[in-house]
Amino acid sequence: MRPQTLSQMVGQQELLKPGQPLRQIIDQHVNIPLLLWGPPGTGKTSLAQIIAKENNYPFESFNASTDNKAKLTKLIDKYPDDSFVLLIDEIHRMTKTLQDFLLPYLENGHVMLIGSTTENPIMSIVPAIRSRSQIFEFQSLSDEDIVTMLKRATTEIYKLDEQKIEDNALNLIAISADGDLRIALNTLETLHALNQTELTVEDVKRFAQQQNFNYDKKATKHYDYLSAYSDSMAGSDTDAALYYLAILLKNNDLPSVVRRLREIPYTYIGLANPQQVTQIVTAANQAEKIGMPKAKYPLMFATMLMCISPKSGSFDETWEKLDKDTEHPNEHPMPRGLRDMHYKHSEEITGGGLIDSPFEAPYQIAQQNYMPKGLKGRRYYYSKNNSNERRLEKQYLKLHRYIYQEDYHEN
């Protein structure tokens, strides 16, 4: 059932229709490394074979999970004078040593690399390979695409008459496959082995595998659900956040949820509600101790508090200002009196220890500059419009103005 030509490919038409960059690379026989990433069963391997045929190149495959350097060397030596297409399946698992070994052959065009992966190459492939490659994302196949291939299989492989295929049976197989053609064809094969004379809806319902909640925790879909979970909490949508939480927990991803709930309260809530930040982190820690299935209750508690609490986001804005000013710290030497004084002759060498002690000043606050040269009086923190931060900001400004004696800059 593997397609032999571009016209037989189903799905990925946004990449393969005439005029699109990937289609132009294929049509113009451009020898450039390609990284094809997306869910399994969407045509990545099939397209690699078609590209080899279109270029009239030999085709070889290498599995980064199971194959070793000896096999890779053997494949390259097999074509000493000719270019060939090398499909590296699960390229995200390829060791850095192997990637470095492969680089010269990519440079001289000896190997036309096509890497196949379920993980986002930006996060999983080393820059040396990634920067030399064109990246194209494959999408899950639509139910209609899968039904098209299932009809071909029932006709060409299993020789079933249309009258022997009950209405909606192929649609149910497609739905159960959740965008993965390989699963759909395997399901059809199993059903035909059990009943070679007909295909009924009842048979499909009984044997079709439900794929709705299956996803690799190391793959891109995992990060998509985590992102949706976090973004829903940032957007204060309680129901959406609980929905994505349920998906993550049903896939046994308690550790990722706990890590996220330990981090984002400080980012999204911060000083807008410090007490709830503590409650959320405590609930996440408790969930980790309890474990599933009971951990879902403190996690639901923490998730709802995240959504309901007032938000701030002021720390991100504060960090942006800090990031800019600390880009070249040598341009802003610190006051000599702040330098380390805990070594011999520090006072003579650096001036360490000459700063006034705040504990000997009125209110235990010394009116002196602590900021580096050129940044005296710089203000980084600005509160958001919520009652708690406004209250804390008043105290922050009172201290700021006292220390710098009204000498501060609002930038």
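This text goes with the structure placed above it.
To keep things clear, this report deals only with the structure shown in the data block. Bear in mind that the values here come from a model prediction, so they are computed numbers and not experimental data. (Residues numbered from 1 in each chain as written. Predicted model: local features only at pLDDT ≥ 70, side-chain atom pairs only at ≥ 80, totals over all residues. Heavy atoms only, no water.)

Description of the overall build of the protein
Part 1 of the argument: Helix and strand counts for the protein come out as 19 helices and five strands.
Part 2 of the argument: Here the protein has a C-alpha radius of gyration of 30 Å; the compact-globule value for 411 residues is 22 Å, and the former is much larger.
Part 3 of the argument: The principal-axis extent of the C-alpha atoms belonging to the protein is close to 95 × 55 × 40 Å.
Part 4 of the argument: Considering only intrachain contacts with a sequence separation of at least 6, the fraction spanning at least 24 residues in the protein is 71%.
Part 5 of the argument: For the protein, the accessible area works out to roughly 22,800 Å², and carbon and sulfur atoms hold 51% of it. (Helix = DSSP H or I, 4+ residues; strand = E, 2+ residues; numbered from the N terminus. Rg over C-alpha atoms; globule rule 2.2 N^0.38 Å. Contact = heavy atoms within 4.5 Å. Areas by Shrake-Rupley, 256 points an atom, 1.4 Å probe, with all protein chains shown as cover.)

Side note on the side chain of aspartate 180
Part 1 of the argument: By secondary structure assignment, the location of aspartate 180 is in the loop between helix H9 (169–177) and helix H10 (181–194).
Part 2 of the argument: Lacking a salt bridge, the buried aspartate 180 has arginine 182 as its closest oppositely charged neighbour, with an N-O distance of 4.4 Å.
Part 3 of the argument: Within the local environment of aspartate 180, its side chain forms a polar contact with the backbone nitrogen of arginine 182, the two atoms lying 2.9 Å apart.
Part 4 of the argument: Ignoring any residue separated from it by four or fewer positions in sequence, one finds aspartate 180 in contact with Pro40, Gly41 and Ile146. (Buried < 20%, exposed > 50% of the residue type's maximum accessible area, 1.4 Å probe, protein only. Lys, Arg positive; Asp, Glu negative; His and termini not counted. Salt bridge = Lys/Arg side-chain N within 4 Å of Asp/Glu carboxyl O. Polar contact = N/O pair within 3.5 Å; in protein donor to acceptor, adjacent residues only side chain to side chain.)

Overview of the packing of helix H15 (residues 274–290) against helix H16 (residues 296–308)
Part 1 of the argument: Running from N to C, H15 and H16 point in directions that differ by 160 degrees, and their axes come no closer than 8 Å. It follows that H15 is roughly antiparallel to H16 by the angle criterion. The handedness of the crossing between H15 and H16 comes out as left-handed. Between H15 and H16, the contacting residues are Gln276, Gln279, Ile280, Ala283, Ala284, Ala287 and Ile290 on the first element and Pro298, Leu299, Phe301, Ala302, Leu305 and Met306 on the second.
Part 2 of the argument: Per-class residue counts for the contact of H15 with H16 are 11 nonpolar, two polar and no charged. (Axes fitted to C-alpha atoms, helices over the stretch in contact; angles between N-to-C directions. Parallel < 35°, antiparallel > 145°, perpendicular 65-115°, else oblique. Left-handed = near helix turned anticlockwise from the far one by under 90°. Nonpolar A, V, L, I, M, F, W, Y, C, P; charged D, E, K, R; others polar.)

Regarding the sheet that holds strand E2 (residues 59–63)
Part 1 of the argument: Pairing is parallel across the open sheet formed by five strands, whose spatial order is E2-E3-E4-E1-E5. The outermost strands of the open sheet, each flanked by one partner alone, are E2 and strand E5 (134–137). Going across the sheet, the axis of each strand differs from the next one's by a mean of 20 degrees, ignoring polarity.
Part 2 of the argument: Relative to E5, strand E1 (residues 34–37) runs parallel, the two being bridged by four bridges. (Pairing = 2+ DSSP bridges.)

With respect to the pairing of strand E3 (residues 84–89)
Part 1 of the argument: The element E3 is largely enclosed, with a buried count of five among its six residues.
Part 2 of the argument: Of the pairings in the sheet, the one linking E2 to E3 comprises five bridges and is parallel in character. What sits directly across from serine 61, in E3, is leucine 87.
Part 3 of the argument: Crossover connection from E2 via helix H4 (residues 69–77) to parallel E3: handedness right-handed.
Part 4 of the argument: Where E3 meets strand E4 (residues 111–117), six bridges bridge the pair, whose relative direction is parallel. (Right-handed = clockwise from strand over helix to strand, strands pointing away.)

So, helix H19 (residues 387–403)
Given 3.6 residues per turn, any residue in an α-helix points the same way as the ones three and four places further on.
Part 1 of the argument: Here H19 contains 17 residues, and its C-alpha end-to-end distance of 25 Å stays within 8% of the 24 Å for a straight helix at 1.5 Å per residue.
Part 2 of the argument: Those residues of H19 lying buried are Asn388, Glu389, Glu393, Leu397, His400 and Ile403. One face of H19 carries all of its buried residues, which in axial projection span an arc of 150 degrees. The outward face of H19, more than 90 degrees from its buried face, is lined by the exposed residues Ser387, Arg391, Lys394 and Lys398.
Part 3 of the argument: Structurally, H19 contributes buried residues whose contacts are with H15 and helix H17 (314–325). (Expected span 1.5 Å × (residues − 1). Arc of directions from axis to C-beta.)

Notes on the pattern of salt bridges
Part 1 of the argument: Within the structure shown, the criterion is met by 14 salt bridges.
Part 2 of the argument: Across the pair glutamate 263 and arginine 260 runs a salt bridge, and its minimum N-O distance is 4.0 Å. A residue pair is termed a helical-turn pair when its members lie 3 or 4 positions apart in one helix, as glutamate 263 and arginine 260 do in helix H14 (residues 254–269) at three residues.
Part 3 of the argument: Assessed through its relative accessible area of 45%, glutamate 263 is described here as partly exposed.

So, the side chain of serine 46
Part 1 of the argument: Assignment of secondary structure puts serine 46 in helix H3 (residues 44–55).
Part 2 of the argument: Once residues within four sequence positions are removed from consideration, serine 46 is found in contact with Arg2, Pro3 and Met9.

Description of a negative patch on the surface
Part 1 of the argument: Taken together, Asp316, Glu320, Asp323, Glu327 and Glu331 make up a surface patch of like negative charges.
Part 2 of the argument: As for its placement among the helices and strands, glutamate 331 is situated in the loop between H17 and helix H18 (346–350).
Part 3 of the argument: Owing to a relative accessible area of 55%, glutamate 331 belongs among the exposed residues under this scheme. (Patch = residues over 30% accessible without salt bridge, like charges linked within 9 Å, V, L, I, M, F, W, Y side chains within 5 Å. Charge placed at Lys NZ, Arg CZ, Asp CG, Glu CD.)

Focus: the nonpolar core
Part 1 of the argument: Counting 26 residues, the largest nonpolar core has Tyr229, Met233, Val257, Leu261, Ile280, Leu299 and Met306 as its most contacted members.
Part 2 of the argument: Listing elements by their share of this core, those giving two or more residues are helix H12 (220–234), helix H13 (238–250), H14, H15 and H16.
Part 3 of the argument: Per-element accounting of this core gives the leading share, six residues, to H14.
Part 4 of the argument: With near-sequence residues (within four places) excluded, leucine 261 lies in contact with Tyr229, Met233, Ile280, Val281, Ala284, Leu299, Ala302, Thr303 and Met306.
Part 5 of the argument: Counting 23 residues, the second-largest nonpolar core is a separate cluster that includes Leu141, Leu150, Ala174 and Leu191. (Core = buried A, V, L, I, M, F, W, Y, C linked by side-chain atoms within 4.5 Å.)

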